[in-house]
Amino acid sequence: MASVFDALSHPIRREVLELLKGGGRSAGDLADHFDVSKPTMSGHFAKLREAGLIRGEQQGGSIIYTLNMSTLEEALMGFMGRMGMDGATRDTDPEGKQS
């Protein structure tokens, strides 16, 4: 879970995930959206891959990245569980007190 939140801590990486919501994209296409160097983008892609948030597949001369939502969902559900917000309902009386 820590690696997922670390990966999500940078705005470029969050925007990469948003761009991938629409489907797979090449590394070059994704990099064109940002005013940073290619090596910097490679570092961002590596951080997202290490966290399991994206997958990269070699296709011809390009790497096509796709979103791996299951990792993000698992991390968020784990975090919510730790915060006591796991979706479990609790019985309450009319005054809102737990029974």
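Look a little higher up for the structure.
Note that the coordinates shown come from a computational prediction; the quantities given were computed from them, not determined experimentally.

### Quick look at the environment of Leu 76
Along the polypeptide, Leu 76 turns up in helix α5 (residues 69-82). For Leu 76, a relative accessible area of 36% puts it in the partly exposed group. Along the chain, Leu 76 and Met 1 lie 75 residues apart, while their C-alpha atoms are 8.3 Å from each other.

### What to know about the nonpolar core
Ranked by internal contacts, the top residues of the largest apolar core, which has 20 residues, are Val 16 and Leu 53. Those elements that place two or more of their residues in this core are α1 (2-8), α2 (11-20), α3 (27-31), α4 (38-50) and α5. Per element, the largest residue contribution to this core is five residues, and it comes from α2. Among residues more than four places away in sequence, those in contact with Leu 53 are Val 4, Ala 7, Leu 8, Leu 17, Leu 48, Thr 66, Leu 67, Asn 68, Thr 71 and Leu 72.

### A word on α2
Looking at α2, one finds that the buried residues are Ile 12, Arg 13, Val 16, Leu 17, Leu 19 and Leu 20. Considered in projection along α2, the buried side chains sweep an arc of 160° and stay on one side of the axis. On the buried face of α2, the contacting elements are α1, β1 (25-26), α3, α4, β2 (54-59) and β3 (62-67).

### Examining the pattern of salt bridges
Counting across every chain of the model gives three salt bridges. Two residues, Asp 6 and Lys 47, come together in a salt bridge whose shortest N-O distance is 2.8 Å. Taken as a pair, Asp 6 in helix α1 and Lys 47 in helix α4 lie far apart in primary sequence, 41 residues in all. Exposure remark for Asp 6: the relative accessible area of 36% places this residue in the partly exposed category. Exposure remark for Lys 47: the relative accessible area of 28% places this residue in the partly exposed category. Between Arg 25 and Asp 29 there is a salt bridge, with its nearest N and O atoms 3.5 Å apart.

### Regarding the pairing of β3
Of the pairings in the sheet, the one linking β1 to β3 comprises two bridges and is antiparallel in character. The residue of β3 that forms the bridge with Ser 26 is Ile 64. Taken together, the six bridges between β2 and β3 define a ladder with antiparallel strand orientation. Looking at β3, one finds that Ile 54 is bridged to Leu 67.

### As for the side chain of Arg 13
Relative to the assigned elements, Arg 13 resides in helix α2. Look at Arg 13: it is buried, it has no salt bridge, and the nearest opposite charge is Asp 6 at 5.0 Å. Looking at Arg 13, its side chain comes within polar contact range of the main-chain oxygen of Asp 6, at 3.3 Å. If sequence neighbours within four positions are ignored, Arg 13 has contacts with Asp 6, Ala 7, His 44, Lys 47 and Leu 48.

About the thresholds
- By convention here, each chain's residues receive numbers from 1 onward along its written sequence.
- Predicted model: local features are reported for residues with pLDDT of at least 70 only, side-chain atom pairs are reported and counted for 80 or more only, and whole-chain, interface and lining totals are derived from all residues.
- In computing side-chain properties, one takes all heavy atoms of the structure into account and sets aside hydrogens as well as water.
- A run of H or I in DSSP counts as a helix once it spans at least four residues, and a run of E counts as a strand once it spans at least two, with each numbered from the N terminus.
- Three labels apply to residues, based on accessible area from a 1.4 Å probe with only protein chains included: buried if under 20% of the type maximum, exposed if over 50%, partly exposed otherwise in between.
- To form a nonpolar core, buried Ala, Val, Leu, Ile, Met, Phe, Trp, Tyr and Cys residues must be joined to one another through side-chain atoms within 4.5 Å.
- Residue contacts are counted whenever heavy atoms from the two residues lie within 4.5 Å of one another.
- Working definition: the arc comes from the directions between the helix axis and the C-beta atoms, pointing outward to the latter.
- A pairing counts as a salt bridge when a side-chain nitrogen of Lys or Arg comes within 4 Å of a carboxyl oxygen of Asp or Glu.
- Pairing between two strands is assigned when DSSP locates at least 2 bridges connecting them.
- For the purpose of charge, His is not counted, nor are the chain termini; Lys and Arg are scored as positive and Asp and Glu as negative.
- Whenever a nitrogen or oxygen atom comes within 3.5 Å of another N or O atom, the pair is scored as a polar contact, on the condition that within protein one atom can donate a hydrogen and the other can accept it, and that pairs from neighbouring residues in sequence are kept only if both atoms are in side chains.

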